[in-house]
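Listed below are the residues making up each chain.
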Amino acid sequence: MTKGSEVTNILELTPVDRLFFTGPFTEISKTHITLKNATFKSIIFKIKTTEPKKYCVRPNQGIIHPQDSAIATVILQPIEEDALSTCQGQHKFQILYTIRDNDHPSKSVEELWLVANPALVFHHKLRCYFESPNEAEQRKKLEELEIDVSNHKDALKLISELRSKIDELKKENSKLNISVNETQKRLNLALKPSQFPDLLTYIVIGLLGWLFAKFVI
């Protein structure tokens, strides 16, 4: 979602870039656009199309409160399928949005758009594509497969990160064991009985023996 070349994190859209309609198209066909406010401020939005006679959007404008979502239903009026064969990606929708002006809390959405600063209005485009029920089923299966592959990649990445963390912990544990062993050796040396008392005993016995011999003689 951009305004010029500026990327915004204000509004999250589903779908992101393609709006699919599933036939038969000789009767009304519906799809949905989910708009999620990713900010902690209210935003206003409105939805426009390049083919207003062929589509109806409900609601086509509104207010989305902080961290809340809105769902717009897009209705394609009945049309001959042959007329759509050359229209793939040609019909477009534009979502306009901006942060709500808190200086006018009581104004309606229409009034808020009248006072909105054009420099702060962002937009995002969706292109329309038309498919048969069988094509829609195949597309959804492919999307599910892509999600599974993506989740699988995420899981492998997480496993790799956990293995790296385990290796780091093993290295730290090895260093800790070495440190503990060295400390234990120092402690054993400090607690080892000294040879000094035995030497002192020998000296005392020797002196006593010398004194005894002297006085006896």
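Refer to the structure above for everything that follows.
Before going into details, it helps to say that this report is about the structure given with it. (Residues numbered from 1 in each chain as written. Predicted model: local features only at pLDDT ≥ 70, side-chain atom pairs only at ≥ 80, totals over all residues. Heavy atoms only, no water.)

## A few points about the overall build of the protein chain
Next up, step 1: Scanning the protein chain for helices and strands turns up 4 helices and 11 strands.
Next up, step 2: Counting across all 217 residues of the protein chain, residues that qualify as buried make up 25%.
Next up, step 3: Of the contacts made within the protein chain by residues no fewer than 6 positions apart, 71% connect residues no fewer than 24 positions apart.
Next up, step 4: Looking at the protein chain as shown, the accessible area adds up to about 15600 Å², and 57% of this sits on carbon and sulfur atoms. (Helix = DSSP H or I, 4+ residues; strand = E, 2+ residues; numbered from the N terminus. Buried < 20%, exposed > 50% of the residue type's maximum accessible area, 1.4 Å probe, protein only. Contact = heavy atoms within 4.5 Å. Areas by Shrake-Rupley, 256 points an atom, 1.4 Å probe, with all protein chains shown as cover.)

## Some thoughts on the sheet that holds strand β7 (residues 55–58)
Next up, step 1: In space, the 4 strands of this open sheet follow the order β3-β5-β9-β7, with antiparallel pairing throughout. The strands lining the two open edges of the sheet, one partner per strand, are β3 (11–14) and β7. Between one strand axis and the next, the sheet turns by 20 degrees as a mean value, whatever way the strands run. (Pairing = 2+ DSSP bridges. Axes fitted to C-alpha atoms, helices over the stretch in contact; angles between N-to-C directions.)

## Observations concerning the nonpolar core
Next up, step 1: F21, L35, F93 and F130 are the most contacted members of the largest nonpolar core, which has 28 residues in total.
Next up, step 2: Apart from residues lying up to four places away in sequence, F21 is in contact with S29, T31, Y55, V74, L76, C128, Y129, F130 and E131. (Core = buried A, V, L, I, M, F, W, Y, C linked by side-chain atoms within 4.5 Å.)

## Comments concerning the pairing of strand β8 (residues 61–64)
Next up, step 1: Judged by which residues are buried, β8 turns out to be one-sided: G62 and I64 face inward and are buried, whereas Q61 and I63, on the alternate face, are not.
Next up, step 2: As paired strands, strand β6 (residues 43–49) and β8 are joined by 4 bridges and run antiparallel to one another. Note on β8: the bridge partner recorded for K46 is Q61.

## Focus on the packing of aromatic side chains
Next up, step 1: Following the criterion strictly, the structure yields 6 aromatic pairs and no others.
Next up, step 2: When the centroid spacing of 5.9 Å and the interplanar angle of 90 degrees are considered together, the rings of F25 and F130 count as edge-to-face. Residue F25 is located in the loop between β4 (18–22) and β5 (29–37), and its partner F130 is located in strand β11 (residues 122–131); the two are separated by 105 residues in the primary sequence.
Next up, step 3: Residue class for F25 comes out buried when judged on its relative accessible area of 5%.
Next up, step 4: The exposure class of F130 is buried, given its relative accessible area of 7%.
Next up, step 5: A ring pair is formed by Y55 and F93, whose centres lie 5.0 Å apart and whose planes are at 80 degrees; its orientation type is edge-to-face. Placement of Y55 in strand β7 and of F93 in strand β10 (residues 92–99) is noted, with a sequence separation of 38 residues between them.
Next up, step 6: On the basis of relative accessible area, F93 is assigned to the buried category, the value being 1%.
Next up, step 7: Clustering of aromatic rings is evident, with ring pairs tying together F21, F25, Y55, F93 and F130.
Next up, step 8: Directly above the ring of Y129 sits R18, whose terminal nitrogen or CZ lies 4.7 Å from the centroid.
Next up, step 9: R139 extends its terminal NZ or CZ atom over the ring of F20, reaching a point 3.9 Å from the ring centre. (Phe/Tyr/Trp six-rings, centres within 6.5 Å; stacked < 30°, edge-to-face > 60°. Lys NZ or Arg CZ within 6 Å of the ring centre and 35° of its normal.)

## Some points on the side chain of T39
Next up, step 1: Mapped onto the elements, T39 comes out in the loop between β5 and β6.
Next up, step 2: You can call T39 buried: its relative accessible area is 13%.
Next up, step 3: Reaching out from T39, the side chain makes a polar contact with the side chain of N37 at a distance of 2.8 Å. (Polar contact = N/O pair within 3.5 Å; in protein donor to acceptor, adjacent residues only side chain to side chain.)

## Regarding the pairing of β11
Moving residue by residue along a regular strand, the side chains alternate between the two faces of the sheet.
Next up, step 1: For β11, the buried fraction is high: 7 of the 10 residues fall into the buried class.
Next up, step 2: Bridge count for β4 against β11 is 5 bridges, and the pairing is parallel. Paired with F21 across the bridge in β11 is F130.
Next up, step 3: In this structure, β10 lies alongside β11, joined through 6 bridges in antiparallel fashion. Within the sheet, the bridge partner assigned to Q94 lies in β11 and is K125.

## Concerning unusual backbone geometry
Next up, step 1: For the bond running from T14 to P15, omega is 0 degrees, close enough to zero to count as cis.
Next up, step 2: Structurally, the position occupied by P15 is in the loop between β3 and β4.
Next up, step 3: A cis amide bond links R58 with the next residue in sequence, P59, at an omega value of -10 degrees.
Next up, step 4: As for its position among the elements, P59 is in the loop between β7 and β8.
Next up, step 5: Non-glycine residue Q67 carries a positive phi angle of around 60 degrees.

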